[in-house]
Amino acid sequence: MPFTISCKKKHHKKNEYPWQQQPTNVTYVKKLQLKLIRQFPHKGDRNYTQGLAFFQGFLYESTGLEGQSSLKKIDVNNGNIVMQKNINDYFAEGITILNGYITQISWKNMKTFAFEINDFKEKSINFTYNTEGWGLTDNGTQFIMSDGSDKIYFRNTATFNVEKEINVNYEGNPVVYLNELEFTANKIYANVYGSPMIYSIDPSNGNVIEAIDCSSIICAQISKDNPENVLNGIAYNAISKTFYLTGKRCPVIYEVVFEAQSL
Ligand SMILES: [Ca+2]
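Each chain has its residues counted from 1, running along the sequence as written. This being a predicted model, a pLDDT of at least 70 is required before a residue's local features are given, and a value of 80 or more before pairs of side-chain atoms are given or counted; all residues contribute to the totals for chains, interfaces and linings.

**Thoughts on the overall build of the protein**
Strands are runs of DSSP state E lasting at least two residues, helices are runs of H or I lasting at least four, and both sets are numbered from the N terminus onward. Looking only at helices and strands, one finds 0 helices and 22 strands in the protein. Taken across its 263 residues, the protein has 36% of its residues classed as buried. The contact rule is simple: place each C-beta atom from the backbone, and if two of them lie within 7 Å, those residues are in contact. Sequence-distant contacts, at least 24 apart, represent 49% of the contacts inside the protein between residues at least 6 apart. Put plainly, a residue is buried at 20 or more neighbouring C-beta atoms within 10 Å of its own, exposed at 12 or fewer, and partly exposed in between, counting only other residues' C-beta atoms, which are placed from the backbone.

**Observations regarding the sheet that holds strand 5 (residues 81–87)**
Within a sheet, each strand pairs with its neighbour through backbone hydrogen bonds, oriented either parallel or antiparallel. Ordered in space as 2-3-4-5, the 4 strands form an open sheet in which the pairing is antiparallel. Each edge of the sheet is formed by a strand with only one pairing partner; in this case those strands are strand 2 (49–55) and strand 5. Neighbouring strand axes in the sheet, compared pairwise and without regard to direction, differ in orientation by 15 degrees on average. Summarising the sheet, strand 4 (residues 69–75) and strand 5 pair through 6 bridges and their orientation is antiparallel. Across the sheet, residue serine 69 finds its bridge partner in strand 5, namely isoleucine 87. Note: two strands are recorded as paired if DSSP finds a minimum of 2 bridges between them. Helix axes use the C-alpha atoms of the stretch in contact, all axes being lines fitted to C-alpha atoms, and the angles between their N-to-C directions lie in the range 0 to 180 degrees.

**With respect to the nonpolar core**
Joining buried Ala, Val, Leu, Ile, Met, Phe, Trp, Tyr and Cys residues through C-beta atoms within 7 Å gives a set, and that set is a nonpolar core. Counting 49 residues, the largest nonpolar core has Ala190, Ala235, Tyr244 and Leu245 as the members making the most contacts within it. With 4 residues, strand 17 (residues 187–192) is the single largest residue contributor to this core. With residues up to four places along the chain from it excluded, the contact list for leucine 245 reads Cys214, Ile217, Cys219, Gly233, Ile234, Tyr254 and Val256.

**What to know about the environment of asparagine 156**
Tracing the backbone through its elements, the reader meets asparagine 156 in strand 12 (residues 151–156). Judged by local crowding, asparagine 156 falls into the partly exposed class, with 13 C-beta atoms found within 10 Å. Spatially, the C-alpha atoms of asparagine 156 and isoleucine 144 are 9.2 Å apart, while their sequence positions differ by 12 residues. With residues near it in sequence (within four places) discarded, asparagine 156 still touches Gln142, Asn161 and Glu163.

**Structural notes on the pairing of strand 8 (residues 112–116)**
Pairing of strand 7 (residues 101–106) with strand 8, which is carried by 5 bridges, proceeds in the antiparallel orientation. Looking at the pairing, glutamine 104 lines up with phenylalanine 113 of strand 8. Where strand 7 folds back on strand 8, the antiparallel hairpin that results is connected by 5 residues, among which methionine 110 adopts a positive phi of roughly 55 degrees. In terms of strand pairing, strand 8 meets strand 9 (residues 122–123) through 2 bridges, oriented antiparallel. Note on strand 9: the bridge partner recorded for phenylalanine 115 is glutamate 122. Here strand 8 folds back onto strand 9, and the loop between the two strands holds 5 residues, one of which, phenylalanine 120, carries a positive phi near 60 degrees.

**Here's the deal with the sheet that holds strand 9**
Here 4 strands make up an open sheet; going across it, the order is 6-7-8-9 and the pairing antiparallel. Among the strands making up the open sheet, the edge pair consists of strand 6 (92–98) and strand 9.

**Looking at unusual backbone geometry**
A positive phi angle, near 60 degrees, is found at phenylalanine 120, a position not held by glycine. Assignment of secondary structure puts phenylalanine 120 in the loop between strand 8 and strand 9. One non-glycine residue with positive phi stands out, namely arginine 249, at about 60 degrees. In this structure, arginine 249 sits in the loop between strand 21 (242–247) and strand 22 (252–260).

**Quick word on the environment of serine 216**
For serine 216, the location among the structural elements is in the loop between strand 19 (208–213) and strand 20 (231–237). Exposure remark for serine 216: the 12 C-beta atoms within 10 Å place this residue in the exposed category. Note: C-alpha distance between serine 216 and lysine 35 (181 residues apart in sequence) is 9.9 Å.

**Some remarks on the environment of glutamate 116**
Of note, glutamate 116 is situated in strand 8. Between the C-alpha atom of glutamate 116 and that of threonine 103, which follows or precedes it by 13 residues, the distance is 9.2 Å.

Quick look at the structure:
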């Protein structure tokens, strides 16, 4: 037969169980979920995505690999490539659009390249740096760059000198392989190489604020045929308040929002 146990509620003094106290210096990560809005084809044969940016209604993509790198302008209505510049003399990485032109970093050349937005004509603006180049975005006044470690560098737009750097951590543990980046609403969103997760990061201290599990979309599923084909590429559309996501050689570009997990 059912029975009940009388449980007299106990009231403990504050700090009576210090082992239950939570460390004061850890920011606990909030889990968000992906909501798919729509998708369109990720076209072209140079589609080893290393950078993705949105500007005035179009997506701009940088693709990598030696001899297969490129810069593309993509119509987000249908995925059509409306402009493409093939790059054969370096391994291209992240891009961002700031001060009226496109800046692209390179993997191991330790050099940036610059292009006109309207015709991809190369500009004679080149900066050097002393790390690998992985992801690039900006906050309007600084370039923000990753190099495959747990570091994110904030760089002067006129000199590319490092003005600040942060070490990214997930509840106190370093997050390495930070890859493609996107800055919006005072957060840095980052792909993590080989992971289906996107993290949002506090630019003031490197704490991961939110984690978005993207494993439901095909780009985030590691290909058995080629494990290099990983989730990479994130761009924000401030008008629709949506993100575009894709991956290396992924056949699809997704338009998504990040939202609180449903219970
Ligand atoms: Ca981006």
